Amino acid sequence: MNKKTSCDACGLYFNEVYLHKNKGGKNCCNDCQLKISGISPSDIRPISKRKLDKVIKAAARTPPLKLKDLKAKLKKEREEKQSAKNRNNSK
Ligand SMILES: [Zn+2]
């Protein structure tokens, strides 16, 4: 039985495991949590606000994206960017 609860910030429905209660006692999904907190310090640090927004937007289009997947996605994007840079340098 998966009880669905709506996120008070974005209004989308998620499984409870995907939601957190924030200080005001409101439900907050992982995406909004990241958006609000700007990512916890021990987590993914080297990420620009613009990139984060982009990721959140992408995540919003595919709601059941877990934080783990998000991290993997970011890592992959970073690697791709890095290899693109390396290619340019080798020219
Ligand atoms: Zn939300």
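So, here is what we can say about the structure in this document.

Reading the values: rules and limits
- Residues numbered from 1 in each chain as written.
- Predicted model: local features only at pLDDT ≥ 70, side-chain atom pairs only at ≥ 80, totals over all residues.
- Heavy atoms only, no water.
- Donors = N, O, S within 2.8 Å, 3.2 Å for Na, K, Ca; no water.
- Tetrahedral: all angles 85-135°; square planar, octahedral: opposite > 155°, others 65-115°.
- Buried < 20%, exposed > 50% of the residue type's maximum accessible area, 1.4 Å probe, protein only.
- Salt bridge = Lys/Arg side-chain N within 4 Å of Asp/Glu carboxyl O.
- Helix = DSSP H or I, 4+ residues; strand = E, 2+ residues; numbered from the N terminus.

Moving on: the coordination of the zinc ion. The zinc ion binds to the protein through Cys7 (SG), Cys10 (SG), Cys29 (SG) and Cys32 (SG), with metal-donor distances spanning 2.2 to 2.4 Å. One way to put it: the four donor atoms around the zinc ion meet at angles of 102 to 116 degrees, and that makes the site tetrahedral. Considered as a linear motif, the donors of the zinc ion on their single chain read C-x2-C-x18-C-x2-C. There is no split in this pair, since cysteine 29 and cysteine 32 are both buried.

To continue, consider the pattern of salt bridges. The full count for this structure, using the stated rule, is four salt bridges. Across the pair lysine 75 and glutamate 79 runs a salt bridge whose closest N-O atoms are separated by 3.5 Å. Taken as a pair, lysine 75 and glutamate 79 lie in helix α3 (residues 67-89) at a separation of four residues, close to a single helical turn.

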